[in-house]
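Geometric and topological summary
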Amino acid sequence: MLPRHARGGGVTIAVMQYRAWFAAVDGSAGTWPLSEVIYRHPEGSLLEVVHDLTALRRRSAPQWKRLFEDRYHGTQWPYGSGVWGKKEWVQPHIADENVVSLLEGGTNLFWAERYGAQLGLSDLWIKQCGTSHTGSFKDLGMTVLVSSVKQMIADGAPIRAMACASTGDTSAALAAYGAAAGIPVLVLLPRAKVSAAQLVQPMANGAHVCSLDTDFDGCMRVVQRLTEDPTIYLANSMNSLRVEGQKTISIEIAQQFDWEVPDWVLVPGGNLGNVSAIAKGFTQLLELGLISKKLRLVCCQAERANPLYRAYRRAVDAGRSLTEDDFEPQTAERTLASAIQIGDPVSLPKAVRALVEYDGVVEQASEVELADAVAQADRTGMFNCPHTGVALACLRKLVDARQIGPRDRVVVVSTAHGLKFTEFKTRYHEQALDGVTSAIPNRPVEMSGDPDQVLGELHRVLDGAGSQDA
Ligand SMILES: Cc1ncc(COP(=O)(O)O)c(C=O)c1O
């Protein structure tokens, strides 16, 4: 039975008139229903969800805008979710009672006035995808995947569990949504390469947590093997259902700017599902006439896990646009941006297409650059994860190189909450990060309980002697 508020007022339309299906990204023949357990085309290509645009065009762009706005943050189940408020564009076939939602999406998009001014930008915005149920943008894709699995089980599919390989955030999201749905979850994590908060999340949600003596790419190989068994459903972003939820980041950004499109969107990239999803969202907005301008995308990589950056440089140096042939997998080195420590990204073909379509740029940031970018932005009131630090550091480089102009409207997609990465922040401020000399550490001053001593310290700080302002 649906919750009481589910039957309240609000805007319902007959979603069954809308259809979507799986098709190969590379154009190989064939389509499959979204209820099928299939992750790749039989000849190997990645799949994507294709929507019946003719049916979607029966509503005009102004009608879609009004519908999305009426539902935004509302209480009518499940449309108050940022993802399910766009249900017809995401997964129209799912019955409302099978939606597994923890009210994801609808995240802040705020003007980073002070940090922007420090970089020389007047129109910098942060899309705070980490202020979400499990603290990262992964909730957006996971609500779609787990709802789809619940629908499949309701329709008789013999699925016994869902499984993923993860650098931390995917497993947290899968475990939470799996627990909410009552579907068993198995997560494979690279041992000692995720933060304590990321590890405890799936433990707390009752997932079967396997800590493997390998890196993320190794975990990915294992999970692909496990999910050859059709009763174990693959929850990684290779599964294109995830992309459908994550693409709502772009729809929300456009909506939050009253359907105006920024000039640039920057996003950290590891397995490259998110950059592909963001492109897909903007493409759907263009196809359905809700926007008319094409922005530019920037994929931001850690220097120690930069296979896409290297491919991009190869293409730029040869004076042509990026192709999959420019790419060579690597063994990613250890990076503070642990969730993007990936050397062989699964969604590469989609990301290459996205970057070509959106006149994309790929930039990289060193460990020092990303750590200082986090600290500097935190000083202006943010509380960033190291991956967002990669994007912020890349932004600085592109502004310094005058590729991004001072009056351009720029959105940085912040992908996780800083509270999931407190070891990293603490070590920065203790000047204990390997290979990083912290530019602006800020340690607590230890004092007795003597008011005069505290007053003396306060004067010292306010008079500038101990000022730690960047
Ligand atoms: C916090 C965070 N940022 C960025 C990414 C990169 O996203 P993608 O792997 O889709 O490129 C991830 C992926 O795990 C992540 O957890």
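Residues numbered from 1 in each chain as written. Predicted model: local features only at pLDDT ≥ 70, side-chain atom pairs only at ≥ 80, totals over all residues. Heavy atoms only, no water.

1. What to know about the nonpolar core
Counting 145 residues, the largest nonpolar core has Leu266 and Leu395 as its most contacted members. At eight residues, helix α15 (residues 386-400) tops the list of elements feeding residues into this core. Residues in contact with Leu266, not counting those within four places in the same chain, are Val298, Cys300, Ala391, Cys394, Leu395, Leu398, Ile404, Val410, Val411, Val412 and Val413. (Core = buried A, V, L, I, M, F, W, Y, C linked by side-chain atoms within 4.5 Å. Buried < 20%, exposed > 50% of the residue type's maximum accessible area, 1.4 Å probe, protein only. Helix = DSSP H or I, 4+ residues; strand = E, 2+ residues; numbered from the N terminus. Contact = heavy atoms within 4.5 Å.)

2. So, the sheet that holds strand β5 (residues 124-128)
Across the sheet, which stays open at both edges, the six strands sit in the order β4-β5-β13-β10-β11-β12 with mixed pairing between neighbours. Taken across any chain shown, the strands that pair with only one partner, and hence form the sheet edges, are β4 (109-111) and β12 (361-365). On average, each strand axis in the sheet is inclined to that of its neighbour by 25°, with strand direction left out of account. Of the strand pairs in this sheet, strand β10 (residues 264-268) and strand β13 (residues 410-414) are connected by three bridges, and their pairing is parallel. Looking at β13, one finds that Leu266 is bridged to Val412. Running over the sheet, helix α10 (residues 248-256) touches β4, β5 and β13 and is turned about 135° from β5. Against the sheet, helix α11 (residues 273-287) engages β10, β11 (296-302) and β13, with an angle of about 155° to β10. (Pairing = 2+ DSSP bridges. Axes fitted to C-alpha atoms, helices over the stretch in contact; angles between N-to-C directions.)

3. Things to note about the packing of aromatic side chains
Here the structure, examined in full by the defined rule, presents six aromatic pairs. With 5.5 Å between their ring centres and 65° between their planes, Tyr39 and Tyr233 make a pair best called edge-to-face. Residue Tyr39 is found in the loop between β2 (31-33) and β3 (47-51), and its partner Tyr233 is found in strand β9 (residues 232-234); the two are separated by 194 residues along the sequence. Like Tyr233, Tyr39 is buried. Taking 5.8 Å as the distance between ring centres and 80° as the angle between the ring planes, the aromatic pair formed by Trp64 and Trp89 counts as edge-to-face. Placement of Trp64 in helix α2 (residues 61-71) and of Trp89 in helix α3 (residues 87-90) is noted, with a sequence separation of 25 residues between them. With respect to class, Trp64 is no different from Trp89; both count as buried. Put simply, the rings of Tyr18, Trp64, Phe68 and Trp89 pair up and form one aromatic cluster. (Phe/Tyr/Trp six-rings, centres within 6.5 Å; stacked < 30°, edge-to-face > 60°.)

4. So, the site of the ligand
Around the ligand there are 16 residues in total, and Asp169, Gly270, Asn271, Leu272 and Thr415 lie nearest to it. Here an oxygen atom of the ligand sits 3.4 Å away from a polar atom, N or O, in the main chain of Ala339. Residue Thr415 places a side-chain N or O atom 2.7 Å away from a nitrogen atom belonging to the ligand. Isolated, the ligand exposes 390 Å² of accessible area, and the fraction of that covered by the protein chains is 98%. Here the residues of the shell around the ligand sort into six nonpolar, eight polar and two charged. (Near = heavy atom within 4 Å. Polar contact = N/O pair within 3.5 Å; in protein donor to acceptor, adjacent residues only side chain to side chain. Areas by Shrake-Rupley, 256 points an atom, 1.4 Å probe, with all protein chains shown as cover. Nonpolar A, V, L, I, M, F, W, Y, C, P; charged D, E, K, R; others polar.)

5. Some words on the pattern of salt bridges
A complete count under the given rule lists 18 salt bridges for this structure. Where Asp317 meets Arg313, a salt bridge forms, and the shortest distance between an N and an O atom there is 3.3 Å. Of this pair, Asp317 and Arg313 both sit in helix α12 (residues 307-317), four residues apart, which is roughly one turn of that helix. On the basis of relative accessible area, Asp317 is assigned to the exposed category, the value being 59%. (Salt bridge = Lys/Arg side-chain N within 4 Å of Asp/Glu carboxyl O.)

6. Looking at helix α8 (residues 216-226)
For α8, the set of buried residues is Phe216, Asp217, Gly218, Cys219, Met220 and Val223. In this fold, the buried residues of α8 make contact with β6 (161-165), β7 (185-190), β8 (208-212) and β9.

7. Focus on unusual backbone geometry
That bond from Trp77 to Pro78 is cis: its omega, -10°, falls within 30 degrees of zero. Relative to the helices and strands, Pro78 resides in the loop between α2 and α3. Of note, the phi angle at Ala192 is positive, near 60°, even though the residue is not glycine. Relative to the assigned elements, Ala192 resides in the loop between β7 and α7 (196-204). A positive phi angle, close to 55°, is found at Asp258, a residue other than glycine. Checked against the element boundaries, Asp258 lands in the loop between α10 and β10.

8. What to know about the pairing of β13
β13 sits mainly inside the fold: five of its five residues count as buried. Side chains Val410, Val412 and Ser414 of β13 all project onto a buried face; the interleaved residues Val411 and Val413 project onto the opposite face, where all are buried too. Strand direction decides the pairing type here: β5 and β13, joined by five bridges, are parallel. Residue pairing for β13: Ile126 is matched across the bridge by Val412.

9. Some thoughts on the side chain of Lys425
Relative to the helices and strands, Lys425 resides in helix α16 (residues 422-429). Within polar-contact distance, the side chain of Lys425 engages the backbone oxygen of Asn384 at 2.8 Å. With residues near it in sequence (within four places) discarded, Lys425 still touches Val374, Asp378, Phe383, Asn384 and Gly418.

10. Quick look at the state of the cysteines
Defined simply, a disulfide is a covalent bond joining two cysteines at their sulfur atoms. If you walk through the whole model with that rule in mind, you get zero disulfides. Here Cys129 stays unpaired: no disulfide links it, and the sulfur of Cys385, its closest cysteine neighbor, is 10 Å away. In this structure Cys299 is a free cysteine whose sulfur lies 6.5 Å from that of Cys300, the closest cysteine sulfur available. (Disulfide = S-S within 2.5 Å.)

By themselves these figures say nothing about function.
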